[in-house]
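What the coordinates show
Now for the letters of each chain:
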Amino acid sequence: YKYIRLLYIYFSAQSKVVTSVSWNSFTDMCHRCKIVDQDCSLTEVDNMFVAVNQTEGTSSEQPKDQDGKNLNPDRDLCRYEMVEMVARLAIHKYYKTGIAETPAEAVTMLFEINIEPNVTLDDPNDFRLGELWTEGVDKVYKAYLPLLKQMFDVIAGEVDISRKPSISLSEWISFLQKGGYISESFTDRNAKQVYRLSLMSVMDELKGDQHLEMKFVEFLEALGRVAASNNSFLLESGINEDDDLTLKLEKTFSKVASHPSIEGKKETSAILQKLKKKVKTVALLKKLF
């Protein structure tokens, strides 16, 4: 299940709506995993995709988000449908053809023969445990926290302040574009993946819409992933790829202060003055001790 969940996260990040897997993203996965062949045609995959998307009741009876849209998109896969789709593919490809003796064996074969050799997926927790959740990184976040909170509040209110506080995908990409984070080395596609990887999973995606947009703690993680991406703006400012994440974060957060949405504002100036005093105090303590 862990691997299916990772498949769901990575291929939903390639979809237009990054919290569900579109037909185009799913067929891309099938081709990359060499699932489509003489025993499993694209038409058969399409029929399975449609069958999995069938839901009971009318559209008006389906769970909705706060905008009135279905939490289970009619033409995309939500997480439980992704699980079912993988099982259907395995049964069709290996069990019904007599290659596997049981459906369970068919699922195992699908992963061992098709998925694992062709798709390398990093667990989002690897970055959190290995780089993000450290004492040094925590200190940088705490120092810049008022500035980051101000930036979050501004971004979260750009489209519809009544729905907040959370950041939609379009607001996130707009923030990165205006701030000069998007480049040849960090494209809109990378920005979508960072957004998706930073969203926390929920137990049941059909019992609420809290998983659809980025909350403040997820925004903090997303900035950490941007900093770790070796974006060209970091390299241009003298940061090397092998430098510690704390240095990359300081440069990334300093760039937030010059973002057009908050630069020159009275609140920003006050936050920066406090931050400068804190930095001077820390530098003095280092010299003394």
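The structure under discussion appears in the preceding block.
Let us look at the structure shown here. Being a predicted model, the structure only gives us computed values, none of them experimental.

Rules and cut-offs
- Residues numbered from 1 in each chain as written.
- Predicted model: local features only at pLDDT ≥ 70, side-chain atom pairs only at ≥ 80, totals over all residues.
- Heavy atoms only, no water.
- Salt bridge = Lys/Arg side-chain N within 4 Å of Asp/Glu carboxyl O.
- Helix = DSSP H or I, 4+ residues; strand = E, 2+ residues; numbered from the N terminus.
- Buried < 20%, exposed > 50% of the residue type's maximum accessible area, 1.4 Å probe, protein only.
- Axes fitted to C-alpha atoms, helices over the stretch in contact; angles between N-to-C directions.
- Parallel < 35°, antiparallel > 145°, perpendicular 65-115°, else oblique.
- Left-handed = near helix turned anticlockwise from the far one by under 90°.
- Contact = heavy atoms within 4.5 Å.
- Nonpolar A, V, L, I, M, F, W, Y, C, P; charged D, E, K, R; others polar.
- Arc of directions from axis to C-beta.
- Core = buried A, V, L, I, M, F, W, Y, C linked by side-chain atoms within 4.5 Å.

**Brief notes about the pattern of salt bridges**
Tallying each qualifying case throughout the model produces 8 salt bridges. A salt bridge links Asp123 to Lys2; the nearest nitrogen and oxygen atoms lie 3.3 Å apart. Residue Asp123 is found in the loop between helix H5 (103-115) and helix H6 (124-132), and its partner Lys2 is found in helix H1 (residues 2-12); the two are separated by 121 residues along the sequence. Accessibility expressed as a relative area gives 55% for Lys2, which makes it exposed. Notably, a salt bridge pairs Glu135 with Lys139, separated by 3.7 Å at the nearest N-O pair. Linking Glu135 with Lys139, this pair stays in helix H7 (residues 135-156), spanning 4 residues, or about one helical turn. Judged by its relative accessible area of 54%, Lys139 falls in the exposed class. Connected via shared salt-bridge partners are Arg128, Glu221 and Arg225.

**Regarding the packing of H7 against helix H12 (residues 245-257)**
Where H7 contacts H12, the two axes come as close as 10 Å, and the packing angle between them is 15 degrees. Judged by the angle between their axes, H7 and H12 are roughly parallel. For the pair H7 and H12, the sense of crossing is left-handed. Residues Gly136, Val137, Val140, Tyr141, Tyr144, Leu147, Leu148 and Met151 of H7 form the contact with H12, whose participating residues are Leu245, Thr246, Leu249, Glu250, Phe253, Ser254, Val256 and Ala257. Residue classes in the contact of H7 with H12 are distributed as 12 nonpolar, 3 polar and 1 charged.

**Examining H6**
For H6, the full list of buried residues reads Pro124, Phe127, Arg128 and Leu132. Projected down its long axis, H6 carries its buried residues within an arc of 100 degrees, all on one side. Exposed side of H6, more than 90 degrees from the buried face: Leu129 and Gly130 are the residues found there. On its buried side, H6 packs onto H1, H7, helix H9 (188-198), helix H10 (216-228) and H12.

**Points about the environment of Thr19**
Take Thr19: it is sitting in the loop between H1 and strand E1 (21-22). Each C-alpha atom of the pair Thr19 and Leu77 lies 9.1 Å from the other, and the pair is 58 residues apart in sequence.

**Concerning the nonpolar core**
Grouped together as the largest cluster of nonpolar side chains are 42 residues, with contacts concentrated most on Trp172, Phe175 and Phe219. Of all the secondary-structure elements, those providing two or more residues to this core are H6, H7, helix H8 (169-179), H9, H10, helix H11 (232-236) and H12. If sequence neighbours within four positions are ignored, Trp172 has contacts with Ile167, Ala191, Val194, Tyr195, Met214, Phe219, Ala222, Leu223 and Val226. In terms of nonpolar packing, the next biggest core, distinct from the first, is built from 35 residues, Phe26, Phe49, Val52 and Ile115 among them.

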